[in-house]
Each structure stands twice: as C-alpha cells, then as structure tokens.
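Take a look at the letters that make up each chain.
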There are 2 protein chains.
Amino acid sequence: MATRTDAPTRREQILKEAARLFAERGFHGVGVDEIGAAVGISGPGLYRHFAGKDAMLAELLVGISGQLLTGAKLRLKEAAAAGGEDGTAPETVLDSLIEGHIDFALDDRPLITLHDRELDRLRESDRKLVRQLQRQYVELWVDVLRKVYPALAEPAARSAVHSVFGLLNSTPHLGRRGALPGRGATAELLHRMARGAFAAAGSPARA
Amino acid sequence: MATRTDAPTRREQILKEAARLFAERGFHGVGVDEIGAAVGISGPGLYRHFAGKDAMLAELLVGISGQLLTGAKLRLKEAAAAGGEDGTAPETVLDSLIEGHIDFALDDRPLITLHDRELDRLRESDRKLVRQLQRQYVELWVDVLRKVYPALAEPAARSAVHSVFGLLNSTPHLGRRGALPGRGATAELLHRMARGAFAAAGSPARA
DNA sequence: CCTCCAGGTTAACGACCGCTAACCTCCCTG
DNA sequence: CAGGGAGGTTAGCGGTCGTTAACCTGGAGG
C-alpha cells in the first residue's frame, strides 16, 4: 500500500470531484458542466478523459468494490502468514477486517455514500461486476465471522455482516455538526460497536 | 395507533408508489409519467393531487420524520405512565425505541431509504423542518441512551445513535437474495445487535 | 334535466442536459 | 522548424422532463 507521493493525474482529479458531487446531489442531480467546473475545465472537456458521465460512475463504483475486496484479501493473507502453523486467531482477523473497512469509510466518505446509493444507474454489465465484487467481499466477512462465532447460521451471519456495514458506513452522517473529538476516537468507537454488534448476533443468550 | 381499515385514498396510493420509485431509482431518476402509470393514471393527472414532483418528496420526507418522532414520543409517554413513581427502567425504554424503529424499517423500507438519501432535493424550508424533526428524534434517543450508560459522553452518544440508525436502516440491503427466515427472526437479530453495539459503546472496557 | 366539479385526458412549451462537431493552441519530437 | 497529438474551447443538436393549457366526462345535487 505504498502511499502516493506524485501529483494526481487529471483523470484522478475528475473522479474525485465527481465522487463528491455525486454523493452530494446524486448522479442525476449533477451536470457534466458542474463536474468540469470543479476541476477548472468546462463542460465537454471531460470527454477527452472519459467516454461519458456513465463511465465515470462505473469506474468509481468498480474501483470502490475492487479496492475493498483486494484490501480485505490482503489482510487475510497477512494474517495467514503471520499466524504460523494454524493461522491467526479468527478474532484478530475480524478486527483487521473491521479496521480496514473503517479506514475506508472515514477516508473516502463520498465513495462510501455512492457505494450503496447509485449502483442501479450502471449499465447491466458493470452492475453485475460490482455486485459480484460486493458479494465476494461479504462472503469473505461471513467466513471469518462464522469462525469466531460457530453457532451463527449462515443466513444470520450474512444479515449481521450487512447490518454492521450499515453501522460502519454511517460515517457520512456523523460529521457536519461538531460531532466527535477526532478521527482516532471515532474509529475506536465504531470498532467497539461493530464488535459488540457481532458478539450480540453470535450469542443469542441474554437475560 | 388504530390500524387503518378503509381504502387508501388516491393521494396515498400516489405517495406510496412515488416512495417506492424514488427509493429504487432516485428522485431525479423517476419521471412523473412513471409515477402516474404506477397508479393507473398517466402523467399530468398527478397535478390534480400535488402541486408538483417536489411536493410529493417533501410530503414523504416530512411524513417519515414526523412519524418516527411522534412514535418515539408516544413510547416515552407510555413508559412514563407504566413506570409508576420513578419511571420505567431506562433499558426498557431503550428497547421500546429500538423496537419501534425496527418495525418502521421493516415495514416501510422505501421510506427508510428515502429518509437519508434525498433530503437535499428539498426546498430550504422543508429541509429545515425535516432536519429539525430528525434532530429531535436523535436527541430523544441520546437522552435515553445516556440514562442507560451514564459514562457515555454526549458527543459519543450521538455518534453511537447515528451508527445504530445505520445498522437498523440496513434492512433494504437484506432482502433480495433469500436472506433470513422470517420477519420475526430478522427483527430479533437487529434488536440484539443494536443492544450489543450500544453496550460496547457505553463500556470502553475490553480485553 | 341542468349544472358543476372532481378527476381525468392529450398536446405542447420551455428548460435543461448529455454529447458531438468544429476549431484552436501549446508542447514535444524527429 | 514542421507537424501532430493531447487537451482544451464554444456552438449547437436532440431528447427528456416538469409543468401548463385546453378539453372531456361521469356522477352527485338542486
């Protein structure tokens, strides 16, 4: 995950601004002129970089899903490598997944917003691809979760994962009104709550 | 909360279908002709019932926020009445709030979707009203939550509430792919997870 | 039976928006 | 220094969409 140090390309500028605008006002609520203006060029100049407005959204959504998935796979691999004989404790792997998702949710709020909001605006093929990536990501979480809580049935585990995604992806609703002290505290709170939610899902016993 | 038995008025039909369509394809992604077609009339016939497309969205969003808030207030009042001298246990009140929110999230998924997705499409005045109702609703939860977990600071409590809303509002993402057995089981799972998340937020102690 | 209005209809206008066409400049390279 | 491509520009076309206008109709009320 070598942190980029070189200047962002024009394409990347456009994608970033488009993501922000799409998240703020919705895909159909933003015109190409606005996107162009946000990067200092105007209107149809965008077509030197993208085939069309749809292509920008597609690249954003595929990028998000892919990034989440490959990040998670990487973390699994690291855990397997560091764990020696019989792998790392499942709890540790789950924590790693949660941490990765939180980092993404806090660093790229517009993308997180787009991720579950504008999927249906894609052409059939792109939508299928994104959904497939999303499904893989979910299944990966489900597997780890069921190692931590073996009593959890698969459908319930899948629901639990989706619900925790909802919890972690709530970050866009937090800011705005002088919410939490800092990023670290927010991340830690979210992490604790996710673990708490999973624990409650995994052990039906309650007074 | 006397359950309606009489037939829905045309206005209500329109609102219901509009909510579904807006949730599926976004406010700007749906045309008035489509909304009309969904209730058997076509296009501009809608203007006999609403001043415009914006008015439908406004009525939907104000209705949602209002319904959530008044429902919650009612539950608080019931709890106070049933609790005798020093009120019901805060835990019970919190459970009641959670239950109410889950009922709404499961029964009116399209509305839940709209609720945090299309707020910015409203005119200034309507948006302010909706935000005010939402804020009251949140503050009501925060108050109850901090009675259950007095160690929880107010900003953290507010964040926790928003996050649990994210968790509970994840219901639209559940269905579709043969998820959970039934509504009852889903509701119970969500409830346990919400309590677990709150508990984890309220007591920072962890091994 | 006449009236009238609630609740429709179709036609059409005006605005907006995505996209293309045609043209203009640097700047890099042989 | 010729030239050519990368990356802009503005003008404008074609389609869509929200909204209005003008007209129609069935049924309730005097």
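Residues numbered from 1 in each chain as written. Chains lettered and ligands numbered in written order. Predicted model: local features only at pLDDT ≥ 70, side-chain atom pairs only at ≥ 80, totals over all residues. Heavy atoms only, no water.

Per an unreviewed UniProt entry, chain A is named TetR family transcriptional regulator, and its organism is Streptomyces pharetrae CZA14.

## Focus: the packing of aromatic side chains
Residues and elements named next belong to chain A. Filter applied, for reference: Any Phe, Tyr or Trp ring, taking Trp's six-membered ring, that has another such ring centre within 6.5 Å forms a pair; planes under 30 degrees apart are called stacked, those over 60 apart edge-to-face, and the others tilted. For a lysine, the NZ atom is tested; for an arginine, the CZ atom; a charge sits over a ring if that atom is within 6 Å of the ring centre and within 35 degrees of the ring normal.
As enumerated under the stated definition, the model contains 10 aromatic pairs over all chains in all. Each residue in the set Tyr137, Trp141, Phe165 and Phe198 is aromatic and connected to the rest through ring pairs, giving one cluster. Positioned over the ring face of phenylalanine 27 is lysine 53, at 4.3 Å from the centre of the ring.

## Here we look at the relation of the copies chain A and chain B
For clarity, the threshold we go by: The copies are overlaid by a least-squares fit using only the C-alpha atoms of residues whose pLDDT is at least 70 in both copies. Residue contacts are counted whenever heavy atoms from the two residues lie within 4.5 Å of one another.
Superposition of chain A onto chain B requires a rotation of 180° combined with a translation of 0.0 Å along the rotation axis, giving an RMSD of 0.0 Å. Taken together, the turn and the small shift mark the pair as related by a two-fold rotation axis. Residue by residue, 100% of the interface of chain A is reproduced at the interface of chain B, so both copies engage with the same surface.

## Thoughts on the interface of chain A and chain B
How big an interface is tends to be stated in terms of the accessible area lost upon association of its parts. Rules: Buried area: the accessible area, evaluated with a 1.4 Å probe, that two parts lose upon being put together, summed over both parts. A pair is scored as a salt bridge if a Lys or Arg side-chain nitrogen falls within 4 Å of a carboxyl oxygen belonging to Asp or Glu. Residues adjacent in sequence count toward polar contacts only when both atoms are side-chain atoms; beyond that, a polar contact is any pair of N or O atoms within 3.5 Å, and within protein one must be able to donate a hydrogen and the other to accept it. Just so you know the grouping, Ala, Val, Leu, Ile, Met, Phe, Trp, Tyr, Cys and Pro go in nonpolar, Asp, Glu, Lys and Arg go in charged, and all remaining residues, Gly too, go in polar.
Contacts between chain A and chain B engage 36 residues on the former and 36 residues on the latter. When the two sides are added together, the surface that chain A and chain B hide from each other amounts to roughly 3,200 Å², 60% of it contributed by carbon and sulfur. The three residues of chain A that bury the most area against chain B are Arg117(A), Arg192(A) and Met193(A), which together make up 18% of that side's buried surface. Remark: the boundary between chain A and chain B carries two salt bridges. Between Asp116(A) and Arg117(B) there is a salt bridge whose closest N-O contact spans 3.9 Å. Applying the counting rule to chain A against chain B returns 10 residue pairs in polar contact (both at pLDDT 80 or more). The residue inventory of the side of chain A that touches chain B, partitioned by class, reads 15 nonpolar, 10 polar and 11 charged.

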